[in-house]
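Structure at a glance
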Amino acid sequence: MDSLTPEFVGRYYDQTSQLFELMSSANIHYGYWPEDKQELSLVAAQELLTEMMIQRMRLPATAHLLDVGCGLGHPAMRISRETGCRVTGVTVSQVQVDQGNQRAAAAGLGERVRFQYADAMSLPFEDGAFQAAWALESLLHMPARAQVLREMRRVVVPGGRIGISDMIYRTPLTNDEASFIRGAFLMQSAISLPDYRALLAESGLEVEEVLDISTNTLPTLPHLMKSFEHHHETLRAAMGEAAMSQLREAWVQAAELYRRSLGYVLIIARRG
Ligand code: SAH
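Okay, so let's go over this structure. (Residues numbered from 1 in each chain as written. Predicted model: local features only at pLDDT ≥ 70, side-chain atom pairs only at ≥ 80, totals over all residues. Heavy atoms only, no water.)

Moving on, we get to the overall build of the chain. A count of helical and extended segments in the chain gives 11 helices and seven strands. Its C-alpha radius of gyration of 18 Å places the chain within 12% of the 19 Å reference for a compact globule of 272 residues. Along the first, second and third principal axes, the C-alpha atoms of the chain reach 50 × 45 × 40 Å. Residues classed as buried in the chain amount to 53% of the 272 residues present. For the chain, restricting intrachain contacts to residue pairs at least 6 apart in sequence, the fraction spanning at least 24 positions comes to 75%. (Helix = DSSP H or I, 4+ residues; strand = E, 2+ residues; numbered from the N terminus. Rg over C-alpha atoms; globule rule 2.2 N^0.38 Å. Buried < 20%, exposed > 50% of the residue type's maximum accessible area, 1.4 Å probe, protein only. Contact = heavy atoms within 4.5 Å.)

Shown next as structure tokens:
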């Protein structure tokens with residue numbers, strides 16, 4: 001398989017962002033189902049996860065947030081709309097950059113929310129350029145979490161908040177499983193929650209909150225698969241029948257592996 005370079009990951013998102021949006025929403029991340037609200041739709045659950053992060057970032061209107069791996073820019077626009085903050089988002093997909101900037105302009109947020117092409121492993125920003133940074137479900141794609149965390153820490157002011165939503169493993173993966181999720185989720189490096197905590201500490205970040213939401217995110221893949229079938233005709237026209245059945249098979253396996261061994265965590269930390 002191709003190695004997961006930023007260019008490869010970027011091309012993947014160039015090709016798939018709008019398909020993900022069709023199947024769910026412009027939030028390209030998992031959903032959160034509260035224990036007593038299992039009936040939530042995928043879109044509502046994705047919005048809820050975004051909202052949980054927004055609340056936890058506690059940004060004043062004067063803040064400038066860096067969004068690391070911004071996707072189509074939906075979470076960035078939402079936090080800016082809700083708090084008044086400025087956001088700069090980076091992604092390795094040029095399609096996402098263009099879409100994000102068009103959407104921000106159309107929403108009247110063009111002055112406050114901007115997207116640009118940049119590799120998070122080496123951020124093109126000065127030390128302390130931002131009051132806060134977040135990375136929603138993007139660190140899993142990157143060659144080294146430690147390097148990205150160092151970069152995020154460097155570009156926020158001392159005391160600045162860093163928010164992360166990311167996939168973890170709950171039980172150790174076999175080599176075959178690790179290589180499967182590399183292909184299915186483009187996940188470069190699987191990490192356990194204890195290792196994550198150690199990594200945050202080594203990166204000079206003070207943890208405020210770690211929320212294991214593995215159970216609450218479980219309905220995501222089953223919902224996505226249902227939506228995949230629902231949009232069968234459009235997807236077949238976009239990707240062809242062979243690619244569709246490959247993807248279907250991969251998702252069945254992925255959902256099973258997720259249920260058995262994977263999980264999801266929200267982290268709020270501060271630059272010490
Ligand atoms: N945070 C967004 C999108 C998550 S999808 C949301 O929640 O909707 C993962 C994102 O990470 C994509 O935008 C992808 O381009 C970005 N990404 C992956 N590797 C990256 C890298 N090395 N540098 C910057 N962005 C990267």
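Now that the structure has been shown, the text picks up again.
Take the pairing of strand β3 (residues 113-117) next. Here five bridges tie strand β2 (residues 86-91) to β3, and the two strands are oriented parallel to one another. Within β3, the residue paired with Thr88 across the bridge is Arg114. The β-α-β motif built from β2, the intervening helix α4 (residues 94-106) and the parallel element β3 has right-handed crossover chirality. (Pairing = 2+ DSSP bridges. Right-handed = clockwise from strand over helix to strand, strands pointing away.)

Next up on the list: the site of the ligand. Neighbouring the ligand are 20 residues; Ile28, His29, Gly69, Thr91 and Gln96 lie closest to it. Within the backbone of Ile28, one N or O atom sits 2.7 Å away from an oxygen atom of the ligand. Within the backbone of Leu136, one N or O atom sits 2.9 Å away from a nitrogen atom of the ligand. Taken together, the residues of the shell around the ligand sort by class into 10 nonpolar, eight polar and two charged. (Near = heavy atom within 4 Å. Polar contact = N/O pair within 3.5 Å; in protein donor to acceptor, adjacent residues only side chain to side chain. Nonpolar A, V, L, I, M, F, W, Y, C, P; charged D, E, K, R; others polar.)

Mapped onto the elements of the fold, Pro158 is located in strand β5 (residues 156-169). Judged by its relative accessible area of 62%, Pro158 falls in the exposed class. Separated by 30 residues in the primary sequence, Pro158 and Gly128 place their C-alpha atoms 7.4 Å from one another.

Counting across every chain of the model gives five aromatic pairs. Pairing Phe125 with Phe130 gives two aromatic rings, centres 5.1 Å apart and planes at 90°, and the pair type is edge-to-face. Exposure class is identical for Phe125 and Phe130. Each is buried. Here the aromatic rings of Phe228 and Trp251 are separated by 5.3 Å at their centres, their planes lie at 65°, and the arrangement is edge-to-face. Taken together, the positions of Phe228 in helix α9 (residues 220-230) and Trp251 in helix α11 (residues 241-261) put the pair 23 residues apart, joining distant regions of the chain. Taking the relative accessible area as the measure of exposure, Phe228 reaches 1% and is therefore buried. A relative accessible area of 7% places Trp251 in the buried class. By way of ring pairs, the aromatic residues Tyr30, Tyr258 and Tyr264 are connected into one cluster. (Phe/Tyr/Trp six-rings, centres within 6.5 Å; stacked < 30°, edge-to-face > 60°.)

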